[in-house]
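# Examination of the molecular architecture
Read off the chains here:
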Amino acid sequence: ASGGMEGVHLHRDKKEHCEITLYAPDGRQDYKGGFGDEIRGHGNSTWLFDKKGYNLYMAAPVDLLSMGAADRWVLLANAYDETNLRNKTVLDFARSIEGYDGFSPECEYIDLYLNGEYSGLYLICKSISSLGTELWEREEEGFCMELTQSTKLDALDAAIKLPVPEYLEIKYPESCLPSQRQRLEAVVAAFEAATADGGTGLADCIDYDSWARKLLVEEVFANYDAACFSQYFSGSMDEGRMYAGPCWDYDLSMGIFYVDWSSPRCLVT
């Protein structure tokens with residue numbers, strides 16, 4: 001609405017009203033909103049790149065490119081991956097594995113123009129929070145936590161410290177009450193106790209099918225972040241069992257890492 005992206009690019013968390021028009025591959029207009037929609041930055045380390053990712057906050061849930069209605073969408077820049085193939089390849093593969101709804105978000109390529117200026121090839125998909133609206137709100141006391149590290153946490157982020165350097169950031173409920181945090185700490189403590197006891201009791205703590213599917217995805221595609229970042233676990237506090245997923249963030253997979261990241265050394269044939 002201001003006529004340029006300077007304000008959004010200056011502060012990642014700054015939202016600005018925008019008018020979004022989306023065209024399908026056949027040229028028809030798939031969506032056109034008013035200035036009730038908003039855009040802001042997306043990403044942590046990737047936000048430092050010239051090609052930046054974005055979050056879209058829609059005024060109302062909208063179905064984009066037949067991927068289902070949601071009020072939060074993400075434009076992934078794939079800044080670490082010059083091939084632009086890794087995220088879509090892995091997410092599509094993960095979605096093809098039989099599993100519970102929402103194991104992996106649908107995603108589509110788009111050409112992004114910001115105020116008439118071409119900004120590159122992006123991948124559009126629902127945000128994790130929108131997937132949560134579909135999944136965890138169906139559960140009594142639903143939850144979602146993300147495995148992350150302290151460097152990616154803000155002072156106000158609700159997170160549970162693990163025995164290892166990582167944390168579990170509570171992503172849902174977005175406004176976590178102290179009583180809910182205590183229940184989630186109990187879920188995590190039960191899991192830690194079961195693993196420390198050689199796996200005895202794990203069947204009461206995790207959903208084996210989803211964890212097996214997630215491990216398959218991480219191992220087959222050699223995801224560097226598998227042990228430290230962007231690993232989501234969800235479920236119901238009442239049930240007390242953790243499901244692995246949704247799948248997310250595979251730009252550092254298939255043999256790619258920060259050094260020499262432009263070389264597409266794929267470990268999968």
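Small disclaimer: the values here were computed from a predicted structure and weren't measured.

How each quantity is defined
Residues numbered from 1 in each chain as written. Predicted model: local features only at pLDDT ≥ 70, side-chain atom pairs only at ≥ 80, totals over all residues. Heavy atoms only, no water. Salt bridge = Lys/Arg side-chain N within 4 Å of Asp/Glu carboxyl O. Buried < 20%, exposed > 50% of the residue type's maximum accessible area, 1.4 Å probe, protein only. Helix = DSSP H or I, 4+ residues; strand = E, 2+ residues; numbered from the N terminus. Pairing = 2+ DSSP bridges. Axes fitted to C-alpha atoms, helices over the stretch in contact; angles between N-to-C directions. Core = buried A, V, L, I, M, F, W, Y, C linked by side-chain atoms within 4.5 Å. Patch = residues over 30% accessible without salt bridge, like charges linked within 9 Å, V, L, I, M, F, W, Y side chains within 5 Å. Areas by Shrake-Rupley, 256 points an atom, 1.4 Å probe, with all protein chains shown as cover. pLDDT = per-residue confidence, 0-100. Contact = heavy atoms within 4.5 Å. Polar contact = N/O pair within 3.5 Å; in protein donor to acceptor, adjacent residues only side chain to side chain.

Inspection of the entire model under this criterion finds 14 salt bridges. A salt bridge links Arg12 to Asp13, with the nearest nitrogen and oxygen atoms 3.2 Å apart. Given a relative accessible area of 23%, Arg12 falls into the partly exposed group. Two residues, Glu218 and Lys214, come together in a salt bridge whose shortest N-O distance is 2.7 Å. Separated by 4 residues within a single helix, Glu218 and Lys214 lie in helix H5 (residues 208-220), roughly one turn from each other. You'll find Glu218 and Lys214 in the same group, each marked buried. Beyond isolated ion pairs, a larger network of salt bridges with shared partners links Arg12, Asp13 and Arg40.

A sheet is described by the order of its strands in space; here 5 strands give the open sequence E10-E11-E9-E12-E13, paired in antiparallel fashion. Of all the strands in the sheet, just strand E10 (159-161) and strand E13 (241-244) have a single pairing partner and so form its edges. For this sheet the average axis-to-axis angle between neighbouring strands, irrespective of direction, equals 30°. Summarising the sheet, E10 and strand E11 (residues 167-172) pair through 3 bridges and their orientation is antiparallel.

The subject of this paragraph is the nonpolar core. If you look at the biggest cluster of nonpolar residues, it comprises 24 residues, and the most contacted ones within it are Ile39, Tyr54, Trp73, Leu75 and Ile124. Mapped by element, the contributors of at least two residues to this core are strand E5 (53-63), strand E6 (69-76), strand E7 (107-114) and strand E8 (117-126). Top contributing element to this core by residue count: E5, with 4 residues. Within the second largest apolar cluster, 20 residues are counted, among which are Leu91, Val217, Tyr250 and Met254.

Right, let's talk about a nonpolar patch on the surface for a bit. Among the surface-exposed residues, Phe93, Leu216 and Val220 lie close enough to one another that they form a single nonpolar patch of about 210 Å² accessible area. Relative to the helices and strands, Val220 resides in helix H5.

Turning our eyes to something else, we now look at the confidence of the model for the protein. Considering every residue of the protein, the mean pLDDT works out to 87; 90% of them sit at 70 or more. Below pLDDT 50 for its whole length, residues 259-269 participates in 20 contacts with residues either more than four positions away or in separate chains.

What follows covers the sheet that holds E8. The strand order across the open sheet built from 6 strands is E1-E4-E5-E6-E8-E7, with neighbouring strands paired in antiparallel fashion. For this open sheet the edge positions go to strand E1 (16-18) and E7, each flanked by a neighbour on one side alone. Here the average twist between neighbouring strands, direction ignored, is 35°. Both E1 and strand E4 (residues 37-42) contribute to a ladder of 3 bridges, which runs antiparallel. Within E4, the residue paired with Cys18 across the bridge is Asp37. Taken strand by strand, helix H2 (residues 86-96) contacts E6, E7 and E8, and its axis lies near 145° from that of E7.

Turning our eyes to something else, we now look at the environment of Asn115. Residue position: Asn115 is located in the loop between E7 and E8. Among the residues examined, Asn115 registers a relative accessible area of 56% and is labelled exposed. In the structure, Asn115 is positioned 114 residues away from Ala1 in sequence and 9.3 Å away in space, judged by C-alpha atoms. In contact with Asn115, not counting residues within four places along its chain, are Gly3 and Gly4. Of note is the side chain of Asn115, whose polar atom sits 2.9 Å from the backbone oxygen of Gly3.

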